[in-house]
Amino acid sequence: MRIGIVLYPTYGGSGVVATELGIALAEKGHEIHFVSYSQPVRLGSFRKNIYYHEVSVSDYPLFEFQPYETVLASKLVDVVKYEKLDLLHVHYAIPHASAAFMAQQILKTEGIEIPFITTLHGTDITLVGKDQSFEPVITFCLNQSNAITAVSESLKKDTYHHFETEKPISVIPNFIETKEVLKEVDMDLRRRYASDDEMIITHTSNFRKVKRIEDVILIFSKIREKSPSKLLLTGDGPERGHAEHLARELKICQDIIFIGKVRDTAHVLEISDLFLLPSETESFGLAALEAMAVGVPVISSNTGGIPEVNIHGFSGYLSYVGDIEDMANNAIKLLSDEKLKQKFRNQAFSRAKEFSIDRILPMYEKLYDEVVHKQKQSLE
Ligand code: GMT
């Protein structure tokens, strides 16, 4: 099948999922055309069956805001027409679903029928999308999508709660590539960040308010009182300044390492003992799954789709949003008992395997077949 994948190219989870999905589909023989404003960070090198089409918006002085959605729709018309695509799969509703709808309508006037699937990732529904300034357009685009998927049951429920749609939503969870067995920890790398008697705690995010970075620092500060440890933070974003300020106030900066944005967080996770995800809301929590995939237990909040990924008392522990005390106590319990830590390490790994790409990819392929088949039938 020839598939166009529209995505955000940045470090966010939706872009990572869309890129990994495209790469996996290409490996299975599908022809994948990524469409975005910049090269997706995880795409990197030349690969068989993968093409990338850049959307570049020219800087005309009249525009205070560049009309990205219009240029994207025009690009989609072009790519669908000339690359003879069978299907568009857009990740993150805003503005990808409306651009896909526009392209679909333009192509229809030229006798070309192209179905589009919208995958909802979270903030496009739970934070941004439900805002009045977006809601009517999102509702319309959901209803016009040939199929909708959501990355968790929780997100599906939120979508029905916030939007007037009765369209079926298929839950296709996010996925991860897992190894057969857990890798040995690279001690040389680990020793660059912590001594052998210290624990390594990690957090990865885009440092937005929703991630509650201050909680990460406060939890770590409590853990550190009981168990010598280092906090490794990967990613960057608007709340980083606050986090740095808080760390200075608490006088714990010497034990907090801001690594910044990294393309592949697996290497940092592999040397970690524990992962923190205290988010306000999280439709899935791909960052937690990435940690679990390399055997790192997760201390998280119990919000949104996180309980569908992290299992309390098995792959980690869950607490109410903002319950720093409980999260710190759970972390200390795990870190101070080597046997328990090892047990959770193996359990986190086995839980992650339930989201292995081999299990999830066929769900997307089945949906693609159904959508394309239905489209063909409707034309007969
Ligand atoms: O977490 C973010 O702010 C980025 C955002 C995105 O769209 O890239 O992440 C959302 O999609 C991820 C992939 O499906 C999910 O794992 C995240 O939980 C979700 N974020 C939120 O719901 C806050």
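Model, not experiment: these values are computed from the prediction. (Residues numbered from 1 in each chain as written. Predicted model: local features only at pLDDT ≥ 70, side-chain atom pairs only at ≥ 80, totals over all residues. Heavy atoms only, no water.)

Quick notes on the site of the ligand
Lining the immediate environment of the ligand, one finds 17 residues, of which Ser14, His121, Asn174, Lys211 and Glu282 sit closest. One of the side-chain nitrogen or oxygen atoms of Asn206 is found 2.8 Å away from an oxygen atom of the ligand. At a separation of 2.7 Å, an oxygen atom of the ligand approaches a polar side-chain atom of Glu282. Here the ligand, which alone exposes 480 Å², has 94% of that area covered by the protein. (Near = heavy atom within 4 Å. Polar contact = N/O pair within 3.5 Å; in protein donor to acceptor, adjacent residues only side chain to side chain. Areas by Shrake-Rupley, 256 points an atom, 1.4 Å probe, with all protein chains shown as cover.)

What to know about the sheet that holds strand 1 (residues 2-6)
Taken in spatial order, the seven strands of this open sheet run 3-2-1-4-5-6-7, and their pairing is parallel. Looking at the sheet topology across the chains shown, the edges are occupied by strand 3 (50-54) and strand 7 (169-171). Within this sheet the neighbouring strands show an average axis-to-axis angle of 25°, counted without direction. As judged from the five bridges shared by strand 2 (residues 31-36) and strand 3, these two strands associate in the parallel manner. Across the sheet, His33 pairs through a bridge with Tyr51, a residue of strand 3. In this fold helix 1 (residues 13-27) packs onto strand 1, strand 2, strand 3 and strand 4 (87-91), with an angle of close to 160° to the strand it touches most, strand 2. Helix-sheet contacts for helix 6 (residues 153-162) involve strand 5 (116-120), strand 6 (147-150) and strand 7, and the interaxial angle to strand 7 is about 160°. (Pairing = 2+ DSSP bridges. Helix = DSSP H or I, 4+ residues; strand = E, 2+ residues; numbered from the N terminus. Axes fitted to C-alpha atoms, helices over the stretch in contact; angles between N-to-C directions. Contact = heavy atoms within 4.5 Å.)

Re the pairing of strand 11 (residues 274-277)
Where burial is concerned, the two faces of strand 11 agree: the one with Leu274 and Leu276 and the one with Phe275 and Leu277 are both buried. In this structure, strand 8 (residues 199-204) lies alongside strand 11, joined through two bridges in parallel fashion. The residue of strand 11 that forms the bridge with Thr202 is Phe275. As paired elements, strand 11 and strand 12 (residues 298-301) share three bridges and run parallel to each other. Note that in strand 12 the partner of Leu276 across the bridge is Ile299. Chirality of the crossover, the property in question, places the unit of strand 11, helix 11 (residues 286-293) and strand 12 among those that are right-handed. (Buried < 20%, exposed > 50% of the residue type's maximum accessible area, 1.4 Å probe, protein only. Right-handed = clockwise from strand over helix to strand, strands pointing away.)

Things to note about the pairing of strand 12
Residues Val298 and Ser300 point to one face of strand 12 and Ile299 and Ser301 to the other, with burial holding for every one of them. Inspection of the sheet shows strand 12 paired to strand 13 (residues 316-319) by four bridges, in the parallel sense. Looking at strand 13, one finds that Val298 is bridged to Gly316.

Functional significance is not addressed by these values, which are geometric in nature.
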